[in-house]
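Here is how the chains run, residue by residue.
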Amino acid sequence: MTPDRGHLSRRNFVKASTLVSGAMILSPDVFAAKPSQEHSSLSVADLPKGTAPQPVAIPHFSDRLQAFVWRNWTLVPVEKLASVVGAKREDIVQLGRAMGLPKPLPITRNQQRRSYITVLRRNWHLLPYEQLLRLLDWTPEEMAYVLREDDFLYVKLGNLKPQCEPLRFSQPSPSAQAHAQKIGRILAEEFPQGLPTQAEPLFQFVKVLSSNPTHTDPTVKALNSPTRFCYSYFALYGDPLLEPESDPYPDGYLARLAHAGVTGVWLQGVLQKLAPFPWDLKLSHRHEERLRNLGRLVARARKHGIGIYLYLNEPRSMPVKFFETRPELKGVVEGDHAALCTSTKYVQEFLRDSIAHICRAVPDLAGFFTITGSENLTSCWSHGAGGSCPRCVQRTPAEVIAQVNRLIVEGIQRSQSSCRLIAWDWGWSSAWSADVIRQLPKEATLMSVSEWSIPITRGGVKSEIGEYSISTIGPGLRATRHWQIARDLGLKTLAKIQAGNTWELSAVPYIPAVENVARHAANLREAKVDGLMLGWTLGGYPSPNLEVVAEISGSALITPEEAMHRVAVRRFGQAVAPIAVEAWKSYSTAFSEFPFHAGLVYSAPLQVGPANPLWEKPTNYQASMVGLPYDHLDGWRAVYPPDVFISQLEKVSTGFETALSVLRSSSSQLVLDPTVKKSLAQEIDVADAAAIHFQSVANQARFVRDRDLMAKTKDRLESERLVVELEQILRRELALAKRLLTIQSRDSRIGFEATNHYFYVPIDLVEKVLICRDLLDRWLPSLR
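**Details of the packing of helix 19 (residues 514–526) against helix 20 (residues 544–553)**
And then number 1: Between helix 19 and helix 20, whose axes approach to 9 Å, the crossing angle comes to 25°. As summarised for this structure, helix 19 and helix 20 are arranged roughly parallel, according to the angle between their axes. Pair helix 19 / helix 20 crosses with right-handed handedness. From helix 19, Val514, Val517, Ala518, Ala521, Ala522 and Arg525 reach across to helix 20, where they touch Pro544, Asn545, Val548, Val549 and Ile552.
And then number 2: Its residues placed into classes, the contact of helix 19 with helix 20 shows nine nonpolar, one polar and one charged.

Structure, rendered in C-alpha cells:
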C-alpha cells in the first residue's frame, strides 16, 4: 500500500456519503455550536437514509421492545424509554425486571451528555428517526448536524439507516412473557451470584483524571525538552471554548499529562469561529469570547509546562449558495459546497488576518498544525481536483498547498508572535509532496507519520503500514525521506506516532506493548527529529507508553530497557518493576504478529470484541468504519486469507495470555502495598482486556467461516465436525464475554474511546451471553 492508498483507505469509507448540508469534519471539538432547537429548518424526511435495508435479526429477544428496554437500561432514564414508546414508567420497569435486569439506577445528565453516540449506535436497528429524536431530545437539524459533523458518524453507522417501523408499547403477549422469563432463567444459570456489580460507574475515569494528582513534578522537565503533544483522552465534540462543562483539559488532567512527560496538547480551531469572517460576520458570533477562553486555557496549561496547539484545516469550504454574490471567491465545487479559492488575494488576506488576529489575542499560544491535503475540502487542490478551478489549474498542487502554509506563517509574523507552524504532510501525494516541502517557509516545521511505508510480512502475507500502528516499529521510508528534504532546507522536523493506542485496538486506554513504543522512540531520537505528535484523537491517556517516550526523547543516552525500568519502578516499585518490564516485552513480541492492514483495522470487530453479536444467518451488511462490524468477514480480513487472519490474531492473544500468566504468578509471591497492588491490578486489566479482544475477533471469524461452510456442505461427516466446532466457539465466546464483563464492571476505561464514546457497556456483554446461549440451545440442535 503506497502512502496515497493508505490515505485513501479512510476516505474510501466516506467518499460515497452525501449528507444534508455540507462536508463532514474528521475531528471533534469543532468550534461551532449545535443548531438551535428553535430554528430547525429540516424535517425527518431530510435525514440521510441510504439504501434503507431491513434491520438485523434479534432472535434472542422475542421482539424489538425487549431489545429496546434491554439495550438502553443502563444508559437512558426509564422515564424517557417509556415516553419514546408510549408506555408508563412501571411498564418498562416490569419488562426489564422480568428479563432479570437489576433495579434501574439514576442516569446522570453528565453520563447522557457523554454517551449519545453509544445510545444512537445501539438503537440504529431498533428505532426510526422520529423515535431516535425523542430518545435524544434532538431536532432533525441537530441529528443531521451530528451525523455530518461528529467524526464521520453517519459513515461509522454504515452510510445507511435501517428501515425501522415505529415501536409502540403494548402489554406483552403470553409468548413474550415466557421469553422474558426464559431470559431471566438464563441469567440465573450463567450468573448464579447475580450480575457483576458495576463497582466503577461509566465515565468514572473522567472524574479521576480531572482530580488533582498526588504527584506534581513532570516525569521529564519541560524546559528545553523536545515537543511531545497529544489530544485529550475524553474530549467531547462541541464548542469547548464556549461550554465550560466540555473542558477537554481540566487542571488535574493537565498535571497528569505533564507527569507523563507531555509538553503540549491540541484542539481543533476553525478560523471563522476565532476571527472575524469578513464576508459574513454572523458566522463569527462570540469569537471574542472564544479567544478569551482560549487565552485562559493557554495560561492554565502553561502552569503545567504544557503548550496549546490549534489544528487547522483551512480555509473551510462554504455552501454553493454563499458564492452567488461572491463569485470571485469560488473555487472547486464538491457536492453542495465549494472551496474558498486560495489563489485569490481576498482569501489569502483572510488567512493572514485571521491568524494574526488569533496570535495577537492569545500571544502565548504554542502553535498551529495544519492538514492541507485531506479531511475537509479547503484549498482547490486539497482533494486533488484543483484542475477544475480556472485559477488553480494554472498552478501545481505543491504550489497551492505550500502557499496555504506560507500564508499562516505570514499571519504569525504579522502579529510578531513566537507561535510556530507545524505543516503535516498527511494526505500529500507522493507525486508532489517533495515539491511542497521545498516551498515551505523556513520558519515552518515539517511533520510526517513515522511508520508510513514500512513493508511487513505477517503470516506469510506481504503488506505495508500506512499509519496507526504500534505493532510495527518506525520510522519508515516516506518519513525519513521527507525529514531529510526538510533538514537540507533548514526546516525542523516532527514525527507523528501513536504512542498510546491505535485503531489496532482503541477500546483500552493504552496497548501495553511498551517495548515497541520504546524502540520506536529510540529510533526517532537517532533520526534526530525535533519532537513528536503522540497521537491523533486517540491515545491521550497518561500511560506508561507516554512516560517511556518522554524518558527516551528527553535523554540522549538512556536505552529502551532502562527507560522501561524507570517507568516500571515509578508505577509498581522496585520489586515488581523487572516483572512488569518482562511482560511489556512479551506483549510487544506478541503484538508484532498483528495482521496489520488499513482496511482491517477500520473494519474488523477489534474495538467491540466480544460485544459484537453473532448471527445464525448472514446479515448481508458490510462492516462500517470502526462502527458496526456485523459479520462481514471478507471486509474484516482485508488481504489476509481467513485462516491466516485467525491464526495471527490468536498468536497475539496467546502471547498476551502467556505474559499475563507469568506476571500474575510472579507478582503474587510478593508483598505489595495497596497503592502498588491497585496499579498492578489496573495494568493487568488493560492487558487482559486486550487479549480478550484479539481472541474474540478470532473466535468470531471462525464462527462466520464455519457457519457459512455449514450452509453449503452436503457431507454428513463434515457437517458433524462443523457443529462440534461451532459449539466450541460459542462456549469460548460466552466465556470471554463474562471475563470482559467482570473487567469493565470495575474499570470504566475499558470499552471507551473519545470519538466513539463507549463501544460497549456491561449490559452488551451480558447480551452476548444471551446470544451464545440462544445459538447453543435453539440453533445448534436444529443443525444436528
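Okay, back to it.
**Quick look at the pairing of strand 12 (residues 492–496)**
And then number 1: Strand 12 sits mainly inside the fold: four of its five residues count as buried.
And then number 2: Pairing between strand 9 (residues 445–449) and strand 12: five bridges, direction parallel. Counterpart to valine 449 in the pairing with strand 12 is lysine 496.
And then number 3: In the sheet, strand 12 pairs with strand 13 (residues 531–533) via two bridges, with the strands oriented parallel. Bridging from a neighbouring strand, alanine 495 pairs with leucine 532 of strand 13.
And then number 4: Between the parallel elements strand 12 and strand 13, the chain passes through helix 19 in a crossover that is right-handed.

**A short note on the sheet that holds strand 12**
And then number 1: Ordered in space as 1-2-3-7-8-9-12-13, the eight strands form a closed barrel in which the pairing is parallel. Each neighbouring strand pair of the sheet contributes to a mean axis angle of 30°, computed without reference to strand direction.
And then number 2: Of the strand pairs in this sheet, strand 1 (residues 227–231) and strand 2 (residues 264–268) are connected by three bridges, and their pairing is parallel. Counterpart to cysteine 230 in the pairing with strand 2 is valine 265.

**As for the sheet that holds strand 6 (residues 337–340)**
Strands pair in a sheet through their backbones, by hydrogen bonds, and they do so in one of two ways: parallel or antiparallel.
And then number 1: Strands sit in the order 4-6-5 across an open sheet of three strands; the sheet is antiparallel. Of all strands in the sheet, those with a lone pairing partner are strand 4 (318–319) and strand 5 (330–334), marking the two edges.
And then number 2: Sheet topology places strand 5 next to strand 6; three bridges connect them, and they run antiparallel. Within strand 6, the residue paired with lysine 330 across the bridge is leucine 340.

**Re the confidence of the model for the protein**
And then number 1: Model confidence for the protein is summarised by a mean pLDDT of 93, while 94% of its residues fall at 70 or above.
And then number 2: The low-confidence segment residues 1–9 (pLDDT under 50) makes 21 contacts with residues lying over four places distant or belonging to another chain.
And then number 3: Residue range residues 14–33 is modelled with pLDDT below 50. Its contacts to residues more than four positions away, or to other chains, number 87 contacts.

**As for the nonpolar core**
And then number 1: If you look at the biggest cluster of nonpolar residues, it comprises 264 residues, and the most contacted ones within it are Phe68, Phe368 and Phe645.
And then number 2: If sequence neighbours within four positions are ignored, phenylalanine 68 has contacts with Leu81, Val84, Val85, Asn123, Leu126, Leu127, Leu135 and Leu167.

**Remarks on the environment of serine 175**
And then number 1: Mapped onto the secondary structure, serine 175 falls in helix 10 (residues 174–190).
And then number 2: Taking the relative accessible area as the measure of exposure, serine 175 reaches 54% and is therefore exposed.
And then number 3: Taking the C-alpha atoms as reference points, serine 175 and serine 62, 113 residues apart in sequence, are found 7.9 Å from one another.

**What to know about the pattern of salt bridges**
Opposite charge on two side chains permits pairing when their charged atoms draw close.
And then number 1: Under the counting rule described, the total for this entry stands at 51 salt bridges.
And then number 2: Of the charged contacts in the structure, one is a salt bridge between aspartate 247 and arginine 300, with a shortest N-O distance of 3.2 Å. Here the residue aspartate 247 occupies a position in the loop between strand 1 and helix 12 (251–259), and arginine 300 occupies one in helix 14 (residues 287–302), the gap between them amounting to 53 residues.
And then number 3: Across the salt bridge formed by arginine 566 and glutamate 551, the nearest N and O atoms sit 3.0 Å from each other. Of this pair, arginine 566 sits in helix 21 (residues 560–591) while glutamate 551 sits in helix 20, placing them 15 residues apart in sequence.
And then number 4: Look at arginine 566 and you get partly exposed, because its relative accessible area is 45%.
And then number 5: You can call glutamate 551 buried: its relative accessible area is 6%.

**What to know about the environment of alanine 178**
And then number 1: Relative to the helices and strands, alanine 178 resides in helix 10.
And then number 2: The class of alanine 178 is partly exposed, set by a relative accessible area of 39%.
And then number 3: Sequence separation between alanine 178 and lysine 156 is 22 residues; the distance between their C-alpha atoms is 36 Å.

**Looking at the packing of aromatic side chains**
And then number 1: For the coordinates displayed, the defined rule picks out 44 aromatic pairs.
And then number 2: Centre to centre, the rings of phenylalanine 277 and phenylalanine 322 are 6.0 Å apart; their planes meet at 35°, and the pair counts as tilted. Residue phenylalanine 277 is found in the loop between helix 13 (271–274) and helix 14, and its partner phenylalanine 322 is found in the loop between strand 4 and strand 5; the two are separated by 45 residues along the sequence.
And then number 3: On the basis of relative accessible area, phenylalanine 277 is assigned to the buried category, the value being 0%.
And then number 4: Seen from their ring centres, phenylalanine 591 and phenylalanine 694 are 5.8 Å apart, and the 40° between their planes marks the pair as tilted. Separated by 103 residues along the polypeptide, phenylalanine 591 in helix 21 and phenylalanine 694 in helix 25 (residues 674–712) bring together distant segments of the chain.
And then number 5: Accessibility expressed as a relative area gives 0% for phenylalanine 591, which makes it buried.

**Details of the pairing of strand 11 (residues 461–464)**
And then number 1: In this structure, strand 10 (residues 455–458) lies alongside strand 11, joined through four bridges in antiparallel fashion. Along strand 11, the bridge assignment pairs threonine 457 with lysine 462.
And then number 2: Hairpin geometry of strand 10 and strand 11 is characterised by an intervening segment of two residues between the two adjacent antiparallel strands and by a positive phi of about 65° at glycine 459.

**Some words on the state of the cysteines**
And then number 1: Under the counting rule described, the total for this entry stands at zero disulfides.
And then number 2: Left unpaired, cysteine 230 is separated from the closest cysteine sulfur, that of cysteine 419, by 18 Å.
And then number 3: Looking at cysteine 341, it has no disulfide partner, and the nearest cysteine sulfur is the one in cysteine 392, 3.6 Å off.

**Thoughts on unusual backbone geometry**
And then number 1: Going from glutamate 314 to proline 315, the amide bond is cis rather than trans, its omega being -5°.
And then number 2: Tracing the chain through its elements places proline 315 in the loop between strand 3 (307–312) and strand 4.
And then number 3: For the peptide bond that leads from glycine 474 to proline 475, omega is 10°, which places it in the cis range.
And then number 4: Looking at where proline 475 falls in the secondary structure, it is placed in the loop between strand 11 and helix 18 (477–488).
And then number 5: Even without glycine at this site, aspartate 151 takes up a positive phi of about 50°.
And then number 6: Tracing the sequence through the fold places aspartate 151 in the loop between helix 8 (140–149) and helix 9 (153–156).
And then number 7: Overall, the relative accessible area of 3% leaves aspartate 151 in the buried class.

**Observations concerning the side chain of aspartate 239**
And then number 1: With respect to the helices, strands and loops of the structure, aspartate 239 is situated in the loop between strand 1 and helix 12.
And then number 2: The exposure class of aspartate 239 is buried, given its relative accessible area of 0%.
And then number 3: A polar atom in the side chain of aspartate 239 sits 2.8 Å from the side chain of arginine 290.

Parameters and conventions
- Residues numbered from 1 in each chain as written.
- Predicted model: local features only at pLDDT ≥ 70, side-chain atom pairs only at ≥ 80, totals over all residues.
- Heavy atoms only, no water.
- Axes fitted to C-alpha atoms, helices over the stretch in contact; angles between N-to-C directions.
- Helix = DSSP H or I, 4+ residues; strand = E, 2+ residues; numbered from the N terminus.
- Parallel < 35°, antiparallel > 145°, perpendicular 65-115°, else oblique.
- Left-handed = near helix turned anticlockwise from the far one by under 90°.
- Contact = heavy atoms within 4.5 Å.
- Nonpolar A, V, L, I, M, F, W, Y, C, P; charged D, E, K, R; others polar.
- Buried < 20%, exposed > 50% of the residue type's maximum accessible area, 1.4 Å probe, protein only.
- Pairing = 2+ DSSP bridges.
- Right-handed = clockwise from strand over helix to strand, strands pointing away.
- pLDDT = per-residue confidence, 0-100.
- Core = buried A, V, L, I, M, F, W, Y, C linked by side-chain atoms within 4.5 Å.
- Salt bridge = Lys/Arg side-chain N within 4 Å of Asp/Glu carboxyl O.
- Phe/Tyr/Trp six-rings, centres within 6.5 Å; stacked < 30°, edge-to-face > 60°.
- Disulfide = S-S within 2.5 Å.
- Polar contact = N/O pair within 3.5 Å; in protein donor to acceptor, adjacent residues only side chain to side chain.

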